[in-house]
Amino acid sequence: EMNPRVRDLYKRVLRIGKDYPAGLDFVRRKAKEYFFQNKDLTDEVEIKRAIAWGRRYVRDEMVAVIQLKKYRVLRERYG
Amino acid sequence: PLVGIKRVIDYAVKIRVKGDKTGVETAGVKMSMNPFCEIAVEEAIRLKEKGIVKEIVVASIGPAPTQETLRTALAMGADRAIHIKHDALLQPLAVAKVLKAVVEKEKPDVVFLGKQAIDDDCNSTGQMLASLLNWPQATSASKV
């Protein structure tokens, strides 16, 4: 039984993972690692915190890596 | 403003030539919005956030999957999307002529286009469109 917000987060990770420089397979592997580490959480607050951390990570860290890589490659090519 | 965007092979993909040497392999290859078109969309959104422009319309010419590219632009903040369905590759002059028709229908105040497409690097569509419309143009803009 997966928490719908957890599933939503996992889908978000995979969607952003498509553009990730290291590749979708890498992202999927790492995501499963992190998600499984937290699979036994029962406290509502802790679950919320973990999901919020995940969302922030996707929105800030992963997007930043993708944008930076793109910027560097394009500047190299068209600089 | 009207923003023209193009669906191209993703910048990170290693381009391969088709086995029969008739062109570039595009089947099953990752496609996305041309990075310079992305910049055009972002600039239009920035202007909208500042209140300088009101409604952003994005337009693209291409086969059915171009819809995804248009949806990405809508997710970025565009208000409406126009999909001109066409399956063959188009040269800049043809694109400019089609965009001219769109401009005459939508009547935007300004048109933003990406500087060049990363697949053909023509850097021509904007200039041609301006010329066909008899509008002033600013090319290779780094700031609006």
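Residues numbered from 1 in each chain as written. Chains lettered and ligands numbered in written order. Predicted model: local features only at pLDDT ≥ 70, side-chain atom pairs only at ≥ 80, totals over all residues. Heavy atoms only, no water.

A. Highlighting the packing of helix 1 (residues 4–17) of chain A against helix 2 (residues 24–37) of chain A. Residues and elements named next belong to chain A. Two elements in contact, helix 1 and helix 2, have axes whose closest approach is 9 Å; the angle formed by their N-to-C orientations is 155°. Considered as vectors, helix 1 and helix 2 are oriented roughly antiparallel to each other. Regarding helix 1 and helix 2, the two cross each other, and that crossing is right-handed. Judged by residue contacts, V6, L9, Y10, V13, L14 and G17 of helix 1 engage L24, V27, R28, A31, K32 and F35 from helix 2. In terms of residue class, the contact of helix 1 with helix 2 is built from nine nonpolar, one polar and two charged. (Axes fitted to C-alpha atoms, helices over the stretch in contact; angles between N-to-C directions. Helix = DSSP H or I, 4+ residues; strand = E, 2+ residues; numbered from the N terminus. Parallel < 35°, antiparallel > 145°, perpendicular 65-115°, else oblique. Left-handed = near helix turned anticlockwise from the far one by under 90°. Contact = heavy atoms within 4.5 Å. Nonpolar A, V, L, I, M, F, W, Y, C, P; charged D, E, K, R; others polar.)

B. Focus on the interface of chain B and chain A. Taken together, the contacts link nine residues of chain B with nine residues of chain A. Buried area between chain B and chain A, summed over both chains or domains, comes out near 770 Å², and the portion from carbon and sulfur atoms is 53%. On the chain B side of the contact with chain A, Y11(B), K30(B) and P35(B) bury the most area, a combined 62% of that side's loss. On the surface where chain B and chain A come into contact, there are two salt bridges. For D19(A), the salt bridge is made with K30(B), and the minimal N-O distance between the two is 2.5 Å. Considering only residue class, the side of chain B that touches chain A consists of five nonpolar, one polar and three charged. (Buried area = accessible area lost by both parts, 1.4 Å probe. Salt bridge = Lys/Arg side-chain N within 4 Å of Asp/Glu carboxyl O.)

C. Structural view of the packing of aromatic side chains. Following the criterion strictly, the structure yields three aromatic pairs over all chains and no others. Look at Y78(A) and F36(B): their rings are 5.1 Å apart centre to centre, the planes differ by 85°, and that puts the pair in the edge-to-face class. With one member in each of two chains, Y78(A) in helix 3 (residues 44–78) and F36(B) in helix 1 (residues 35–50) form a pair that bridges those chains. Of the residues examined, Y78(A) reaches a relative accessible area of 25% and is grouped as partly exposed. (Phe/Tyr/Trp six-rings, centres within 6.5 Å; stacked < 30°, edge-to-face > 60°. Buried < 20%, exposed > 50% of the residue type's maximum accessible area, 1.4 Å probe, protein only.)

D. Representation of the environment of E49(B). The residue E49(B) is located in helix 1 in this model. As a C-alpha pair, E49(B) and Q67(B) span 18 residues in sequence and 25 Å in three-dimensional space.

E. Representation of helix 1 of chain B within the structure. With 16 residues, helix 1 of chain B extends 23 Å from end C-alpha to end C-alpha; this agrees with the ideal 22 Å at 1.5 Å per step. All of the buried residues in helix 1 of chain B are P35(B), F36(B), C37(B), E38(B), A40(B), V41(B), E43(B), A44(B), I45(B) and L47(B). Looking at the packing, one finds that the buried side of helix 1 of chain B touches helix 3 of chain A together with strand 1 (2–4), strand 3 (31–33), strand 4 (57–62), helix 2 (66–76) and strand 6 (111–113) of chain B. (Expected span 1.5 Å × (residues − 1).)

F. Representation of helix 2 of chain B in the model. Residue and element names in this part refer to chain B. Among the residues making up helix 2, those that are buried are T66, T69, L70 and A73. Considered in projection along helix 2, the buried side chains sweep an arc of 100° and stay on one side of the axis. Residues of helix 2 that are exposed and angled more than 90 degrees away from the buried face: E68, R71 and A75. Buried residues in helix 2 make contact with strand 2 (7–9), strand 3, strand 4 and strand 5 (80–85). Two residues or fewer past helix 2, G77 is found with a positive phi of approximately 140°. (Arc of directions from axis to C-beta.)

G. Spotlight on unusual backbone geometry. Residues and elements named next belong to chain B. A positive phi angle, near 60°, is found at K21, a position not held by glycine. Assignment of secondary structure puts K21 in the loop between strand 2 and strand 3. Phi is positive for N134, which is not a glycine, with a value near 65°. Relative to the assigned elements, N134 resides in the segment after helix 4 (125–133).

H. Quick look at the sheet that holds strand 4 of chain B. All names here are of chain B. The four strands lie next to each other as 5-4-1-6, forming an open sheet whose pairing is parallel. Only two strands of the sheet have a single neighbouring strand rather than two, namely strand 5 and strand 6. Sheet twist, expressed as the mean angle between neighbouring strand axes with direction ignored, is 20°. Inspection of the sheet shows strand 1 paired to strand 6 by three bridges, in the parallel sense. (Pairing = 2+ DSSP bridges.)

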